[in-house]
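# Topology and contacts: notes
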Amino acid sequence: MAEEVESAIENRRRLIVEAGTGTGKTLAYLVPIIRGGQRVVISTGTKNLQEQLFLKELTLPQRAIPEIRAH
């Protein structure tokens, strides 16, 4: 999924992906987005999910990839 997300970003195309709970979807789209260095909009269904993404799940790729800076 991460490779497809990265390819979609590079080729400026849309991508729709479906995957079950616990499959690593968040990292699969966050890492290529962050590595690409572009601004993006991530739409979430709930405020709780938004907070989870920003406060918890965004910190792991930032620690794992040293050149990443929070924008």
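The structure we're discussing is the one just above.
To start, this report covers the structure provided alongside it. (Residues numbered from 1 in each chain as written. Predicted model: local features only at pLDDT ≥ 70, side-chain atom pairs only at ≥ 80, totals over all residues. Heavy atoms only, no water.)

## Looking at the overall build of the protein chain
A tally of helices and strands in the protein chain yields four helices and zero strands. Counted from the first residue to the last, the protein chain has its helices and strands arranged as α-α-α-α. Taken across its 71 residues, the protein chain has 18% of its residues classed as buried. A separation threshold of at least 6 residues defines the contact pool for the protein chain, and within that pool the share at least 24 residues apart is 56%. On the protein chain, roughly 5,900 Å² of surface is accessible, and the fraction owed to carbon and sulfur atoms is 51%. (Helix = DSSP H or I, 4+ residues; strand = E, 2+ residues; numbered from the N terminus. Buried < 20%, exposed > 50% of the residue type's maximum accessible area, 1.4 Å probe, protein only. Contact = heavy atoms within 4.5 Å. Areas by Shrake-Rupley, 256 points an atom, 1.4 Å probe, with all protein chains shown as cover.)

## Observations concerning the pattern of salt bridges
Applying the stated criterion to the full structure yields two salt bridges. Between Glu-4 and Arg-13 there is a salt bridge; the shortest N-O distance is 3.2 Å. Exposure remark for Glu-4: the relative accessible area of 42% places this residue in the partly exposed category. The class of Arg-13 is partly exposed, set by a relative accessible area of 36%. For Arg-35, the salt bridge goes to Glu-6, with nearest N and O atoms at 3.5 Å. Taken together, the positions of Arg-35 in helix H2 (residues 25-36) and Glu-6 in helix H1 (residues 2-10) put the pair 29 residues apart, joining distant regions of the chain. (Salt bridge = Lys/Arg side-chain N within 4 Å of Asp/Glu carboxyl O.)

## Here we look at a nonpolar patch on the surface
Nonpolar side chains collect at one region of the surface, where Met-1, Leu-15 and Val-17 lie side by side and expose about 220 Å² of accessible area between them. The class of Val-17 is partly exposed, set by a relative accessible area of 39%. (Patch = residues over 30% accessible without salt bridge, like charges linked within 9 Å, V, L, I, M, F, W, Y side chains within 5 Å.)

## Considerations on unusual backbone geometry
Positive phi, close to 50°, is recorded for Arg-12, a residue that is not glycine. Its location among the elements puts Arg-12 in the loop between H1 and H2.

## Regarding the packing of H1 against H2
To describe two helices that pack against each other, one gives the angle between their axes and the distance between the axes. Running from N to C, H1 and H2 cross one another at 35°; their axes reach a closest spacing of 8 Å. The handedness of the crossing between H1 and H2 is right-handed. Here Ala-2, Val-5, Glu-6 and Ile-9 of H1 come into contact with H2, specifically with Ala-28, Tyr-29, Pro-32, Ile-33 and Arg-35. (Axes fitted to C-alpha atoms, helices over the stretch in contact; angles between N-to-C directions. Left-handed = near helix turned anticlockwise from the far one by under 90°.)

## Quick notes on the side chain of Thr-26
One can find Thr-26 in helix H2. Among the residues examined, Thr-26 registers a relative accessible area of 19% and is labelled buried.

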